[in-house]
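# Descriptive structure summary
One letter stands for each residue in the lines below.
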Amino acid sequence: MKIDKTLQPVSTVSVNDGKRRTDVTPATDTNQEESVHLSANVAKIQNIDSSSASGSIVNPARVQEIKQAISEGNFQINPGVVADRLLETVKELIQSKKGAA
């Protein structure tokens, strides 16, 4: 690989290099209105957000119970239940992707 020594060192290159980008210059028309369009899913997200803020999704007592069982070495994992619930979650995700498309 041959190195080209005709390039300028970085310290001598200007940040703007005398050129101005035309796509970032502000518009001079101040009467121009801006609008934003939100999808229908925004209402669903806001509903989920407000319901999760008002009521806890997580049961703190159950979390503490599981933590204690793990620390004592008494927590039993049922692989069949874990696999079934994982499959249910995947099916729900696939269905939601089909509905969104």
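Residues numbered from 1 in each chain as written. Predicted model: local features only at pLDDT ≥ 70, side-chain atom pairs only at ≥ 80, totals over all residues. Heavy atoms only, no water.

## A few points about the overall build of the protein chain
Threshold: Note on conventions: DSSP H or I runs of at least 4 residues are helices, E runs of at least 2 residues are strands, and numbering of each starts at the N terminus. Each accessible area is a Shrake-Rupley estimate made with a 1.4 Å probe; only the visible protein chains count as cover when residues are assessed.
Along its length, the protein chain carries three helices and zero strands. Of the regular secondary structure in the protein chain, the N- to C-terminal order runs α-α-α. Here the protein chain displays about 10400 Å² of accessible surface, and carbon together with sulfur accounts for 56% of that area.

## Let's talk about the environment of Q76
For Q76, the position within the fold is in the loop between α2 (60-72) and α3 (79-100). Here the alpha-carbon distance between Q76 and I66, two residues 10 residues apart in the chain, equals 9.8 Å.

## Some words on the confidence of the model for the protein chain
Do not read the predicted coordinates in detail wherever pLDDT is low. For the record, the criterion: A residue's pLDDT is simply how confident the predictor is in it, with values from 0 to 100.
Taken residue by residue, the protein chain gives an average pLDDT of 78. The fraction at 70 or more is 60%. Helix α1 (residues 41-54) is the least confidently modelled element of the protein chain, averaging 73 in pLDDT, while α2 averages 94, the highest of any element.

## Considerations on α2
To keep it simple, the criterion reads: To estimate the expected span of a helix, subtract one from its residue number and multiply by 1.5 Å. For this analysis, a polar contact is any N or O atom pair within 3.5 Å, provided that within protein one partner can donate a hydrogen and the other can accept it, and provided that sequence-adjacent residues contribute only side-chain to side-chain pairs.
For α2, spanning 13 residues, the distance from its first C-alpha to its last is 18 Å, which sits close to the expected 18 Å at 1.5 Å a residue. Its side-chain oxygen at 3.2 Å from the backbone nitrogen of A61, N59 defines the N-terminal cap of α2. Taken from the residues just after α2, G73 is the one with a positive phi, measuring 80°.

## Notes on α3
For the record, the criterion: The cut-offs for exposure are 20% and 50% of the maximum accessible area for each residue type, with area from a 1.4 Å probe on protein chains only; residues under the lower value are buried, those over the upper are exposed, and the others partly exposed.
The terminal C-alpha atoms of α3, which comprises 22 residues, lie 31 Å apart, in line with the 32 Å expected from a rise of 1.5 Å per residue. Burial analysis of α3 places just zero of its 22 residues in the buried class, a small minority of the element. For α3, the N-terminal capping position is held by N78, with its side-chain oxygen 3.2 Å away from the main-chain nitrogen of G80.

## Brief notes about a nonpolar patch on the surface
Let me state the cut-off plainly: Each patch groups residues whose relative accessible area exceeds 30% and which form no salt bridge, using 9 Å between like charges and 5 Å between nonpolar side chains of Val, Leu, Ile, Met, Phe, Trp and Tyr. Just to be clear on terms, a salt bridge is a Lys or Arg side-chain nitrogen sitting within 4 Å of an Asp or Glu carboxyl oxygen.
A contiguous nonpolar surface patch, about 400 Å² in accessible area, is contributed by I70, F75, I77 and V82. Position of V82 among the secondary structure elements: in helix α3. Exposure remark for V82: the relative accessible area of 49% places this residue in the partly exposed category.

## Focus on the pattern of salt bridges
A full pass over the atoms with the stated rule returns one salt bridge. Between E65 and R62 there is a salt bridge, with the nearest N and O atoms lying 2.8 Å from each other. Taken as a pair, E65 and R62 lie in helix α2 at a separation of three residues, close to a single helical turn. On the basis of relative accessible area, E65 is assigned to the partly exposed category, the value being 48%.

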